[in-house]
There are 2 protein chains.
Amino acid sequence: MNKNYTFSAGPSMIPAAVLNEAAKGLCNYNNSGFSVMEISHRSPDFEKILSDAESDLRVLLGIPDNYKILFLQGGATTQFSAVPLNLLSGSKKADYVVTGLFSKKAYTEAQKYGDIRLVASSADKNFTYIPKLSRDDFRPDADYVHICFNNTIYGTKWGYIPDTGDIPLVADMSSCILSEPIDVSKFGLIYAGAQKNMGPSGVTLVIVRDDLIGHMREDAPTIFDYKLMADNNSMYNTPPCWSIYMAGLVYKWVISMGGVSAMSELNHKKAKLMYDYLDSQDYYINNVQPDARSIMNVTFVTGDPEIDKAFVKEASEAGFKSLKGHRSVGGMRASIYNAMPYEAVEGLVEFMDAFSKKHPKKEGDR
Amino acid sequence: MNKNYTFSAGPSMIPAAVLNEAAKGLCNYNNSGFSVMEISHRSPDFEKILSDAESDLRVLLGIPDNYKILFLQGGATTQFSAVPLNLLSGSKKADYVVTGLFSKKAYTEAQKYGDIRLVASSADKNFTYIPKLSRDDFRPDADYVHICFNNTIYGTKWGYIPDTGDIPLVADMSSCILSEPIDVSKFGLIYAGAQKNMGPSGVTLVIVRDDLIGHMREDAPTIFDYKLMADNNSMYNTPPCWSIYMAGLVYKWVISMGGVSAMSELNHKKAKLMYDYLDSQDYYINNVQPDARSIMNVTFVTGDPEIDKAFVKEASEAGFKSLKGHRSVGGMRASIYNAMPYEAVEGLVEFMDAFSKKHPKKEGDR
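Bear in mind that the values here come from a model prediction, so they are computed numbers and not experimental data.

A.B. asks: So what's going on with the overall build of chain A? Residues and values would help.
C.D. replies: Looking only at helices and strands, one finds nine helices and 13 strands in chain A. Oriented by its inertia axes, the alpha-carbon framework of chain A measures out at about 65 × 55 × 30 Å. Across the 366 residues in chain A, those meeting the buried criterion constitute 64%. A separation threshold of at least 6 residues defines the contact pool for chain A, and within that pool the share at least 24 residues apart is 68%. For chain A, the accessible surface area stands at approximately 13,700 Å², while carbon and sulfur atoms represent 50% of it. If the 38 positive side-chain charges of chain A are averaged to one point and the 43 negative ones to another, these points end up 4 Å apart.

This is the structure we're talking about:
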């Protein structure tokens, strides 16, 4: 087994079993004599890949029948535009909660298209918490409410699903999809880039309730039309076949691991190991409020940028790769997505402890 | 060697040498211990993949320094919107030539955003020719002229580059990029989906002259902004890393084959074999005007839909896959992109000849 682990925020680890299967699909898919990358998206082989991916995901997340599953291109960033262009079809009002860089980008982008209100932001405490919101915080005539459910950069997660009443709740779940069971029926639309918990980059998942499609602005790009994509089974144009194939293999792997509940148990165990260690000492600091801690991205600093730098370097040499925090915040970030084995997190904690003893801080650093 | 060939219009054949190399990158890229799909797009390994792809392509097509190379998502269909949203920055007029289904889609989409004129169409003869146009045919104050250089469905190709004077010429080259040398300086913008001559689907190439970027409509989706993408080296958000990696391997393969001139020679040889055979008999009919024949997509019919159907089936059994014509036109289509070996085309012609003797047409069929 490979002794290196990448704690990159995404693209990141892919299960070894998935890569082994993909190696077969790359050379000779299903004994067709062709690579998955060579077969037409209109072929029965690819149609099965796509329909399996959809039905497996529907089972994994318990997606109700009145929700469409779309496999699109362009990343979550494209959805920052596509969501308002499709969903601002009534009052043209939407309420956004800003809990990090990406929710802020989504909020800024939406302002091009309607009356967009900032409901709440956690910027006042450097995005270390999630605002407590109730139904009264949202405009009753808003077309939708937008949140980012897990904030990769800051290592926070919504510990609750805000009650928006009848207003459709839209959530960017790029960095937490499939990490825990979710009640899809509580959301109007969920979107997620694949490159964290669903394989490589290049495909974006959109799960959308039937009544929310078919109302796109007339001057919006045709390719953004959820209705058109739903009617064409995500194949209005050539889809990103390989990325969909890989996402499908990941879904089958999650099923083989026991489903999303089993992944959740493992993820909580990994995250607990990290946070218990962080709480047990004072060399490393995690600034996130306990009820807002992400189980996917664990951030920490030593308080000394020079020591942080040495940590990232020595960790990499020890096989714990890509632990550098996002360039906008510095410090360290361990992304421990579904594919990260428990023993890798154990190894990281051991390394952290050994590093702290090897590099004592100067007097006054703590 | 695999005896099956896929004549699919795309996704289609990928060179065996490229697939062999990709198998290494899938498991253990550059001895990193990680798959290409697992490494961060901000890592030095991926930055080298991206910069190699760009510089190799620049050499292959002789792309001048005042042109940006962008690797985007969403397919050519996304460019049908992105082109007018970025380029309709002056008179908001653009002239379109319709020579098939995709140029018609591009024309229709652009109408959302400006004063779009249909300069010429070959619909009157079922898209079997390319209109002859000169500078006087275009509005002198148009922001750009749009053409589709090779029409996959109908098997036609522009035999000349129309003279548009100072008006930027925009060309969809999805199904002919890298098949022949082109003078990039004659174009303002060239775009192409990858899944024909540049590897798998999931990445779209845009080559754009510097002066045409930075003028996007303010209410257009941020992700469509060529300037933003150029400033961020195609990484404003997470790019489709695997598809870019594959395109890069294809570029290195084209270089190893002797470059675009050598590919062109081989492509002309393959196409000549097909067209010489088609012209030598009267069982199969190719309806395209000789000066408009594509060297990438060769279309033909027997004149009897039942025999066409039998042809596609028996050809598939003989290892010549996906020869069915596009659902909008029927008949047969042999897509013989760069990766299609000469011997495969020889084999197909032999099969065609044998088939015609085995299935004589009824009296009156010819």
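Having put the structure on the table, let's press on.
A.B. asks: An account of the interface of chain A and chain B is requested, with residue identities and associated values reported.
C.D. replies: Taken together, the contact pairs 58 residues of chain A with 58 residues of chain B. Buried surface at the junction of chain A and chain B, summed over both partners, amounts to about 4,300 Å²; 56% is from carbon and sulfur atoms. Taken together, chain A and chain B are joined by zero salt bridges. Elements represented by at least two residues in the side of chain A that touches chain B include exactly β1 (5-6), α1 (16-27), α3 (75-87), α4 (101-110) and α6 (241-256) of chain A. Per-class residue counts for the side of chain A that touches chain B are 25 nonpolar, 23 polar and 10 charged.

A.B. asks: Describe the sheet that holds strand β2 (residues 67-72) of chain A, with residues and values.
C.D. replies: Residues and elements named next belong to chain A. Here seven strands make up an open sheet; going across it, the order is β2-β10-β9-β8-β5-β3-β4 and the pairing mixed. In this open sheet, the two strands that pair with only one neighbour each are β2 and β4 (115-121). Each strand of the sheet is rotated relative to its neighbour by a mean of 15 degrees, with strand direction disregarded. When strand β3 (residues 93-98) meets β4, the two strands line up parallel, connected through six bridges.

A.B. asks: Explain the relation of the copies chain A and chain B to me, and be specific about the residues and the numbers.
C.D. replies: When chain A is brought onto chain B, the operation consists of a screw motion whose angular component is 180 degrees and whose axial shift is 0.0 Å, with 0.0 Å RMSD remaining. Those values place the two copies in the arrangement expected of a two-fold rotation axis. Taken as a fraction of all interface residues of chain A, those also at the interface in chain B reach 100%, which identifies the copy contact as same-surface.

Conventions we followed
Residues numbered from 1 in each chain as written. Chains lettered and ligands numbered in written order. Predicted model: local features only at pLDDT ≥ 70, side-chain atom pairs only at ≥ 80, totals over all residues. Heavy atoms only, no water. Helix = DSSP H or I, 4+ residues; strand = E, 2+ residues; numbered from the N terminus. Buried < 20%, exposed > 50% of the residue type's maximum accessible area, 1.4 Å probe, protein only. Contact = heavy atoms within 4.5 Å. Areas by Shrake-Rupley, 256 points an atom, 1.4 Å probe, with all protein chains shown as cover. Lys, Arg positive; Asp, Glu negative; His and termini not counted. Charge placed at Lys NZ, Arg CZ, Asp CG, Glu CD. Buried area = accessible area lost by both parts, 1.4 Å probe. Salt bridge = Lys/Arg side-chain N within 4 Å of Asp/Glu carboxyl O. Nonpolar A, V, L, I, M, F, W, Y, C, P; charged D, E, K, R; others polar. Pairing = 2+ DSSP bridges. Axes fitted to C-alpha atoms, helices over the stretch in contact; angles between N-to-C directions. Least-squares fit on C-alpha atoms with pLDDT ≥ 70 in both.

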